[in-house]
Amino acid sequence: MKNRFNKIKFNSKGLIVVLFAYIIAQFLWWEILLVRQNNELIDEKQKLLEVTVSNESTLKIEIEFLQKKKVHKTLMIVGEGTIFLLLLLYGINLIRKANKKEHDLLDQKNNFLLSITHELKTPLATTKLQLQTLKKHQLPIEKQQELIEVAIHENERLNILIDNVLLATRMQQNEYAITKEKINLSDFVSSIANTNYKNELESKYLKLEIEENVNFELDKIAFPSIVTNLIENAFKYSNEEINVKLRLFKKNNKVIIEVSDQGIGIKDPEKQDIFNQFYRSGNEEIRRTKGTGLGLFIVKYLIEKHGGSISVINNKPKGSVFVAQFLESV
Ligand code: ADP
């Protein structure tokens with residue numbers, strides 16, 4: 001299916017290139033013909049003058065005039081033609097860019113559909129397997145608890161995924177309103193981390209550096225998505241070395257939340273694109289990891305709704321640091 005889609009895409013691209021090349025060639029040919037025709041016309045006029053005008057000096061003046069006219073007309077045709085050609089090329093370039101954008105979006109939407117189907121099916125299949133095992137076998141109570149824990153975890157993953165899709169849809173339609181209240185952000189962020197990443201904190205894969213008593217006005221329902229999406233990505237895009245750090249601090253009247261990892265890092269040209277809806281890096285390694293390309297779109301949207309901004313820089317010696325900055329609420 002995908003091959004067929006790519007083949008059609010390639011064919012239509014090839015056809016457009018041939019069509020535009022033909023238009024340009026045709027245009028240049030017409031221009032050459034016009035110059036030639038003009039020259040022939042003037043040459044004919046000159047021949048006629050040579051036959052009809054007997055006075056030498058009058059003939060010379062007339063011929064000079066005709067030659068000047070010839071040069072002038074040629075320059076006019078070439079000048080106007082060049083401007084027209086430049087406009088044509090500019091238009092072609094605009095069409096090409098719009099076309100590429102449309103194709104990229106279509107590609108991203110196709111990838112999104114493929115990955116969301118996969119993401120929905122995996123937790124469902126795992127949960128089903130846990131329940132079937134519990135039903136079939138008389139297992140010791142600890143083993144039962146373990147299976148139930150896995151099923152609950154998968155259910156939570158499914159819930160986060162569906163929440164993300166619903167959130168992104170509402171955001172796209174600009175239907176998402178937030179209600180802010182002033183709270184102790186230090187306690188709030190610590191509790192998000194402790195609730196969602198208990199095991200990772202215990203095993204020191206995740207470390208917290210949280211300045212105490214930072215107060216901030218935020219939406220208690222929406223804000224956790226910012227923190228969890230950034231931490232989820234930090235784990236997801238770390239391969240051998242899992243070393244994620246969540247920092248919260250105040251600097252120059254700004255509240256800053258930083259999530260850093262020692263993972264695979266992000267190339268400079270992609271640093272802007274990753275915040276677009278459905279965007280996933282073209283890197284094969286990333287395509288193999290789970291994801292829908294919605295997380296950072298949601299993060300950026302929610303941060304901006306809280307009056308802040310987000311950027312990403314390289315971590316040292318490797319990995320990335322996502323920096324969210326907000327103006328301190330008074
Ligand atoms: P998803 O993770 O579902 O693909 P996101 O919107 O969360 O979607 O991220 C978009 C892309 O940004 C990812 O596909 C990945 O290429 C890149 N990315 C995000 N976070 C990180 C990170 N911590 N390290 C490296 N790449 C990242």
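Residues numbered from 1 in each chain as written. Predicted model: local features only at pLDDT ≥ 70, side-chain atom pairs only at ≥ 80, totals over all residues. Heavy atoms only, no water.

*Asks:* Even after reading the chapter, I still don't get the sheet that holds strand S2 (residues 206-210), so can you show me in this structure?
*Replies:* The pairing of strands in a sheet happens through backbone hydrogen bonds and is either parallel or antiparallel. Across the sheet, five strands lie side by side as S2-S4-S5-S7-S6; this open sheet has mixed pairing. Both edges of this open sheet fall to S2 and strand S6 (309-314), since each of them pairs with a single strand only. The sheet shows a mean angle of 15° between the axes of neighbouring strands, direction not considered. Examined bridge by bridge, strand S4 (residues 244-251) and strand S5 (residues 254-260) share seven bridges and lie antiparallel to one another. Note on S5: the bridge partner recorded for Lys245 is Ser260. Relative to S4, helix H4 (residues 185-196) is tilted by about 175°, and along the sheet it contacts S2, S4 and S5. Contacts between helix H8 (residues 295-305) and the sheet are confined to S6 and strand S7 (320-327), with S6 contributing the most and set at about 130° to the helix. (Pairing = 2+ DSSP bridges. Helix = DSSP H or I, 4+ residues; strand = E, 2+ residues; numbered from the N terminus. Axes fitted to C-alpha atoms, helices over the stretch in contact; angles between N-to-C directions. Contact = heavy atoms within 4.5 Å.)

*Asks:* How do you make sense of the pattern of salt bridges when you look at a structure like this?
*Replies:* It is possible for side chains bearing opposite charge to pair when their charged atoms get close. Under the defined criterion, the tally for this structure stands at twelve salt bridges. As a salt-bridge pair, Glu209 and Lys245 come within 3.4 Å of each other at their nearest N and O atoms. Of this pair, Glu209 sits in strand S2 while Lys245 is found in strand S4, placing the two residues 36 residues apart along the sequence. On the accessibility criterion, Glu209 (37% relative accessible area) is partly exposed. Given a relative accessible area of 29%, Lys245 falls into the partly exposed group. Arg247 serves as the salt-bridge partner of Glu258, at 3.2 Å between the closest nitrogen and oxygen. (Salt bridge = Lys/Arg side-chain N within 4 Å of Asp/Glu carboxyl O. Buried < 20%, exposed > 50% of the residue type's maximum accessible area, 1.4 Å probe, protein only.)

*Asks:* Help me understand the site of the ligand in this model?
*Replies:* Around the ligand, a shell composed of 21 residues is seen, among which Asn233, Tyr237, Arg280, Thr292 and Leu296 lie nearest. Side-chain polar atom of Asp261 to a nitrogen atom of the ligand: 2.9 Å apart, as the coordinates give it. Between Gly293 and the ligand, the recorded distance is 2.9 Å, taken from a backbone N or O atom to an oxygen atom. It is helix H6 (residues 223-236) that contributes the most residues to the shell around the ligand, three residues altogether. Looking at the shell around the ligand residue by residue, the class counts come to ten nonpolar, eight polar and three charged. (Near = heavy atom within 4 Å. Polar contact = N/O pair within 3.5 Å; in protein donor to acceptor, adjacent residues only side chain to side chain. Nonpolar A, V, L, I, M, F, W, Y, C, P; charged D, E, K, R; others polar.)

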